[in-house]
Amino acid sequence: MTVAVPTPPPSPLPFLPFALPDIGEEEIAEVVDTLRSGWVTTGPKARRFEEDFAAWLGDPGLHALAVNSATAGLHLALEALGMGPGDEVITTTHTFTATAEVVRYLGADVVLVDIDPATMCIDPALVEAAITPRTKAIVPVHYGGLAADMPALLNIAKRHGLKIVEDAAHALPATSGGRLVGTLGSDATVFSFYANKNITTGEGGMVVTHDAALAARIKVMRLHGISRDAFDRFTAKVPSWYYEIVAPGFKYNLTDIAAALGLQQLKRAHTFQQRRAQIAKGYDDGLRGLPLTLPPQARAGDVHSWHLYVIRLLPAAPLTRDALIERLFAERIGCSVHYIPLHLQPYWRDRYRLSAAQFPQSQRAFEGLVSLPIYPRMSDADVARVCRALRDALG
């Protein structure tokens, strides 16, 4: 039975944010160099960031295309794959709306399915059950930084002739079967470099694909459907003003200022992940025995990126999820909820006549989940402080 627990008086300790980027002197120097170069929009550093990112993934033949957000990347990938009116794309209800909204940009329909409660990622069995003659693609989400069951999903896609675009916003650098997400053999993978992600460019994203034709289409469509890069036209040593509009494209290019951050952040990606893993281990040890479910671990031999550390309250917990969040904020500890499932959001609920009963695993998880602070700049003392606050509230 849940009982009321008094909220403590405001803590005198400084506020511990939910997320905080780690920006070093190298990033600052790279941005300053960009500002002094005279080329601040998409140019040499964006191109170098693409080359470095593809090399970092270590898969020959991989194309990397920098964009101004992961949302843009998902949109471009699905557009390049030919999604349109009359098509269906399957994804999970347990995600941010961007994963699904890009399908609607193209006039296609979204089919939402539930999660595997053990992993919080899309359930492959439910994906297969949702396939209809209209289904054209699957968009799995690597929730929290744990890779979805890609072998099962790739097998389903192959048997049914479907495309796969991975939403890897949380998954740098996660692995599946010992291989980095981005190299798993899907049609495209999209990473996010938003301010709270494992590496950041402020705003930004990257699409990676082995398909040269798909990469060529994305490259054209990310900048107004122009047949030639602006950088090539404006840096040419001979008259090079002519271009052609070959499609009604978008304005999704990444600037050199943002790419400058990415160039230096990428060098630290593994170090960031290692610190996040240490923090996750600290939480695992410090929260053991409380009435909650700790986040799932990566499979043996694989890497969890630990973008999120999500706890789920058990029915025996003395506080509701909402009360616990209030308690943590009273202790000046930031936290969040990932996510309010799409089936509860008015647009998705009303358009597709969805109900919580259709998604029991996501619904149950949502009602008890809290995302705790996890970022490389957290100290061990910060982790201990969060654990202590949770023990005081739930112990």
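Structure report, in brief. (Residues numbered from 1 in each chain as written. Predicted model: local features only at pLDDT ≥ 70, side-chain atom pairs only at ≥ 80, totals over all residues. Heavy atoms only, no water.)

Here we take up the nonpolar core. Grouped together as the largest cluster of nonpolar side chains are 54 residues, with contacts concentrated most on Phe-49, Phe-53, Val-181, Phe-191, Phe-193, Met-206 and Val-208. At the level of elements, helix 2 (44-57), strand 1 (63-67), strand 3 (109-113), helix 5 (124-130), helix 6 (150-160), strand 9 (205-209), helix 9 (256-267) and helix 10 (269-287) are the ones that each hand at least two residues to this core. In terms of residue count, helix 2 provides more of this core than any other element does, six residues in total. Residue contacts for Phe-193: discarding those within four places in its chain leaves Phe-49, Phe-53, Leu-172, Ile-199, Thr-200, Thr-201, Gly-202, Glu-203, Gly-204, Gly-205 and Met-206. Membership of the second largest hydrophobic core comes to 34 residues, among which are Ala-70, Met-83, Ala-100 and Ala-137. (Core = buried A, V, L, I, M, F, W, Y, C linked by side-chain atoms within 4.5 Å. Buried < 20%, exposed > 50% of the residue type's maximum accessible area, 1.4 Å probe, protein only. Helix = DSSP H or I, 4+ residues; strand = E, 2+ residues; numbered from the N terminus. Contact = heavy atoms within 4.5 Å.)

One simple way to see leftover space: roll a probe sized like a water molecule over the atoms. Under the defined criterion, the tally for this structure stands at four cavities of 30 Å³ or more. Lining the largest cavity are 19 residues, with Leu-20, Asn-196, Lys-197, Arg-276 and Tyr-375 sitting closest to its centre. For the lining of the largest cavity, the per-class residue count stands at 11 nonpolar, five polar and three charged. By volume, the second largest cavity is sized at about 90 Å³. The wall of the second largest cavity is formed by Thr-119, Met-120, Tyr-143, Gly-144, Leu-146, Pro-295, Pro-296, His-304, Trp-306, Leu-308, Val-310 and Arg-312. Class assignment for the residues of the lining of the second largest cavity results in eight nonpolar, three polar and one charged. (1 Å grid on protein atoms, 1.4 Å probe; cavity = no way out; pocket = protein on both sides within 12 Å on 5 of 7 lines; lining within 4 Å. Points joined across faces, edges and corners; volume = space filled by probe spheres on them. Nonpolar A, V, L, I, M, F, W, Y, C, P; charged D, E, K, R; others polar.)

Another point: the environment of Ser-186. The topology assignment puts Ser-186 in the loop between strand 7 (179-180) and strand 8 (188-192). For Ser-186 and Val-208, which are 22 residues apart along the polypeptide, the C-alpha to C-alpha distance reads 9.7 Å. Leave out the neighbours within four places in its chain, and Ser-186 touches Leu-154, Ile-164 and Glu-166. A distance of 3.3 Å separates the side chain of Ser-186 from the side chain of Thr-189, its partner in a polar contact. (Polar contact = N/O pair within 3.5 Å; in protein donor to acceptor, adjacent residues only side chain to side chain.)

On to the packing of aromatic side chains. Scanning the entire structure with this criterion turns up 13 aromatic pairs. Ring geometry for Tyr-347 versus Trp-348: centroids 4.8 Å apart, planes at 85°, classification edge-to-face. By relative accessible area, Trp-348 is classed as buried at 3%. A ring pair is formed by Trp-348 and Tyr-352, whose centres lie 6.3 Å apart and whose planes are at 10°; its orientation type is stacked. A residue pair is termed a helical-turn pair when its members lie 3 or 4 positions apart in one helix, as Trp-348 and Tyr-352 do in helix 12 (residues 346-352) at four residues. (Phe/Tyr/Trp six-rings, centres within 6.5 Å; stacked < 30°, edge-to-face > 60°.)

Let's shift gears to the pattern of salt bridges. Per the stated rule, a full pass over the model turns up 19 salt bridges. Across the salt bridge formed by Arg-48 and Glu-30, the nearest N and O atoms sit 3.8 Å from each other. Linking Arg-48 in helix 2 with Glu-30 in helix 1 (residues 25-37), this pair joins segments that are 18 residues apart in sequence. For Glu-30, a relative accessible area of 11% corresponds to the buried category. The salt bridge partner of Lys-163 is Asp-187, with a shortest N-O separation of 3.9 Å. You can see Lys-163 sitting in strand 5 (residues 163-167) and its partner Asp-187 sitting in the loop between strand 7 and strand 8, a full 24 residues away along the chain. A relative accessible area of 22% means that Asp-187 is categorised as partly exposed. One network of salt bridges, in which partners are shared, links Glu-88, Arg-104, Asp-109, Arg-134 and Arg-351. (Salt bridge = Lys/Arg side-chain N within 4 Å of Asp/Glu carboxyl O.)

Okay, the sheet that holds strand 1 next. The strand order across the open sheet built from seven strands is 1-9-8-5-4-2-3, with neighbouring strands paired in mixed fashion. Each edge of the open sheet is held by one strand with a lone partner, namely strand 1 and strand 3. When strand polarity is set aside, the average angle formed by the axes of neighbouring strands in this sheet is 20°. The pairing of strand 2 (residues 88-92) with strand 3 spans five bridges and is classified as parallel. Its bridge partner lying in strand 3, Thr-91 is registered against Leu-112. Helix 3 (residues 70-80) rests against strand 1, strand 4 (135-139), strand 5, strand 8 and strand 9 of the sheet, and its axis sits at about 165° to strand 8. (Pairing = 2+ DSSP bridges. Axes fitted to C-alpha atoms, helices over the stretch in contact; angles between N-to-C directions.)

In short, shape yes, function no, at least from these values alone.
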